[in-house]
Each structure stands twice: as structure tokens, then as C-alpha cells.
Amino acid sequence: MTSGYRPELVQRAFIDFIGTKLHPFWSLTTPKLRLVARQPLSNDLIALHFASNHAFKQQVFGLQGGWQGGQHLNLTIPIDGINHQRSYSLVGLPQQSLWWHDDYHESNNESNNDVNDKYHKKQKQQGHSITIAVKPQGLVSDYLTKHAVLGSIFGSSIPSGDFTLAQADLAKKVDLTTLSNKQQPLLFIASGSGITPMLGLIMQALQGVQEVALLHYNRSPILTSYWQDLAKNYPAFTYHLINTEDSSTYLAGTRHLSAQSLLSLALPLADTQIFACGSQTFLAELYRVAAEIALPSGSVSSDHSAINASLSDSHSLRDNIIIERFGTALPELNSDGENKIEEVESKTIYLRSRQRQFDSSSTLLLGAEQAGIRMNYGCRQGICQMCRCNKISGIVKNIQTGKISSDGYESIQTCINVALTDVVLDI
């Protein structure tokens, strides 16, 4: 009997179509999530709890075995007949009992294996639940946190993203033979709701017996009891919750991130991998601060005084930073205060192929949209690359990294670049 291609008698897409008509949550191929609960975490951060359908469980838990700390998923949210897509970081790990569960505080007296076994059983009963944390701002997040009816069903991607501990391994630039098999220290820096992806990352790192430090800048304390419990259970974990409205919590006497506040942690910064998540303004400030700290070239010493030495030929702490980007807002280019980014004057952007032009003092993409010109885009966060195009001439600045381009031909992303001169795009 011959072997080879055998067409499906009944295609899965057809079964999905019929199943969706019977119940919108059913699907063999399309991951979907159903909103089942909301949990306030602070005055401005709300956890959303979802149940997953068969396709999500099969693709994520069956084939991938879950997700890694720091990863995110994309939700498709219909509002007034229009589908909006947003990326949200996953809270915690598949096997991690979250702090608002009834059995969380009981688990402090149990071994990690007992806790994981209990949580696996609870997850199986709940149908592999998914949790994200959302700040109620903007059209979509406000809808999810205030208006979406419990039981609402949303399309979902499977978890993805490289804001993970695995990415830290790829980013290492030191000679591993000189580290005496000691794990690289990790520093997590977040502002506001940027704390969300850190929850899974930190737990995963602590389970791997790594030295972990956390800096969280926020207008009010958040998850204080959770971090306290984590510090009790894991001596390698230290944390600093900087309440920007309370001077008693400041590091190095300042409410904002600074070179002095990083140095005050007494970490071997040259050997420390930094994970950062926050607004684009906050990340730009982190890069500026990191550029002020000179590190000895090629050093892997844990001697703090050696790390802080200023050497003209040293590499920058910026090289140690892995960032996660969230939100679609442009940094407040004209804001006052220590986090100020230099003001950008309005420049003329010329689209060569369309023979059209517009003036913009914001990102190239946003400026075009404000002028009524439609251009390609996807995530609007510098991740998906769908807005990438060729710049013919002119100088632009990346608002996430602070990098300033050359004046010549190169490929850029319109959603994260601001014009510093008049610019010509091949669009």
C-alpha cells in the first residue's frame, strides 16, 4: 500500500467553524481566553484572571510545557466592533502559586515540591489559568479592567518574547572560566506596572539559586507583603521599593534612578545582568544613568571598589541591560523634572514614493497619523518590526535606547524614532 499525503476528510478549520457557532470558546486550533476574575493589586494595578480553552492548553502546556518568566501574550479585544490588539506580560510562572490564592500564605511552611504539587493540582482544576496585570489607562486597558463582562472571551496568542533568563545567558560577554562556576548576579529594575514581568523572572531566578536584587519605583507601595515573604524564604533575594512620594524610601537621597543609587547596592555591577521594564522615559533615563558608570574592561571581579573605578577604556554598564518595552505612549519629551529628555523641535518628514510630507515633533509613525497619513505598523513598541522602512537621509533618535542615527541611508522603525533633522523616508 502506498504511503504519502492523505487529505483530511473533515478539515479542522471546518470543525472549528461549527464549534464556534455552538460555543465561542471552543476551538481545536485558535487559542482563546475567558475572563473569570479581577483582583486589585494596588490603586492603579489590577490583575485579570483568565481560563484557557483546549487549543491554548494544547499549544502552551501540552507542546511547550508552559512559559518562561518574563514572557507576554497578545490579546485581541473587540470594542464597539473594532478589534484592538495589545501585549500583556504574564504574571508568575505556570507552577507558581500567586499571592492572592488562599493557599499562598500556607505554603510558606511547606517545601517547594509540596507547593508546586499543590499548585499543579489547583491549576488542573482551574483549567490552566492565565493571569496578567493591567493599569487602567487608555482605551483597551480601561475596558478590560472596568467594562468587560466576566465570562468575556478574547482571542490570544501563545506566550512569547525574549525578556527571559535564557536571553541573559546569550548576553554574557565575560569569560565563564574566570567565574569559578558562580552564577551571575541579577538586578531587576522596574517602574510602575513594569513590575509585572519581574514576578515570574525573579521566582525563576531564585529557584535557580541566583543572587537577585530588585528596584521598583512607584508612586505608592505595591506587593509589599509578597516581597517580604519572598525575602524570608530566599536569603539570596534583596529588594528596595522606592515610593517616589516618601523620602524615607529613597536610595542615595533621590526619588529618581541615579548612578549613586545603583552604586549604593554594592553589587559587582560589571558582572551583573540587569533586566529593566518601565515607561519609555524611564528606560531612556536608565540608559543615561548606566552610561555614567564606567566599568573596568574585561573585569569579573566582585571587589566593589574595583567595579566603581572610572577607566577611560572601560565598557559601559549599558551593555549589561536587557529591556522589556510596554505601552504605546511616546515619552514626555517636554516634561519637567530630573527625568526630562531633551526637547525635540518639529521637523519635516518627506515620504519620497508618495510625494507627501508632514511636520512632526513626536515619533515618525505618530506624526504621520496626526497628519492623516497611514503607514504600516504592528505592536507600536519597537518589537514586531512591521513599521520598519528605509531612511534615505536625515538624523533620527531612538527614544528607547537614546541612540542617534547617521545622516545617511539605513533601516529604521518609525514607531520608536524621532526626527532630529528633516528626514526623507523611502515610503
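See the structure printed just above.
Residues numbered from 1 in each chain as written. Predicted model: local features only at pLDDT ≥ 70, side-chain atom pairs only at ≥ 80, totals over all residues. Heavy atoms only, no water.

## Observations concerning helix α2 (residues 54-62)
Within α2 the residues assigned to the buried category are A55, F56, V60 and F61. Buried positions along α2 lie against β1 (32-42), β2 (45-52), β3 (72-79), β5 (130-134) and β6 (153-156). (Buried < 20%, exposed > 50% of the residue type's maximum accessible area, 1.4 Å probe, protein only. Helix = DSSP H or I, 4+ residues; strand = E, 2+ residues; numbered from the N terminus. Contact = heavy atoms within 4.5 Å.)

## Quick word on the sheet that holds strand β18 (residues 410-413)
Taken together, 5 strands build an open sheet; the order of strands is β15-β14-β20-β16-β18 and the sheet is mixed. The open sheet is flanked by β15 (356-360) and β18, the only strands paired with a single partner. Pairwise comparison of adjacent strand axes, ignoring direction, gives a mean angle of 35 degrees for this sheet. Where strand β14 (residues 347-351) and strand β20 (residues 423-425) come together, 3 bridges link them in parallel fashion. Residue pairing for β20: Y350 is matched across the bridge by V424. (Pairing = 2+ DSSP bridges. Axes fitted to C-alpha atoms, helices over the stretch in contact; angles between N-to-C directions.)

## Focus on the sheet that holds β2
The strands making up a sheet are joined through hydrogen bonds of the backbone, oriented either antiparallel or parallel. Taken together, the 6 strands give an open sheet; going across it, the order is β4-β3-β6-β1-β2-β5, and neighbouring strands pair in antiparallel fashion. Each edge of the open sheet is held by one strand with a lone partner, namely β4 (82-89) and β5. Pairwise comparison of adjacent strand axes, ignoring direction, gives a mean angle of 40 degrees for this sheet. With 5 bridges connecting them, β2 and β5 associate as antiparallel partners. Residue pairing for β5: L48 is matched across the bridge by I132. Across the sheet, helix α4 (residues 138-147) is in contact with β1, β2, β3, β4, β5 and β6; its angle to β3 comes to roughly 80 degrees.

## Here's the deal with the environment of Y350
Tracing the backbone through its elements, the reader meets Y350 in strand β14. By relative accessible area, Y350 is classed as partly exposed at 29%. Between the C-alpha atom of Y350 and that of S393, which follows or precedes it by 43 residues, the distance is 9.9 Å. Once residues within four sequence positions are removed from consideration, Y350 is found in contact with Q355, R356, Q357, V423, V424 and L425.

## A word on the pairing of β15
Where β14 meets β15, 5 bridges bridge the pair, whose relative direction is antiparallel. When the sheet's bridge partners are listed, T348 is paired in β15 with D359. Where β14 folds back on β15, the antiparallel hairpin that results is connected by 4 residues, among which Q355 adopts a positive phi of roughly 55 degrees.

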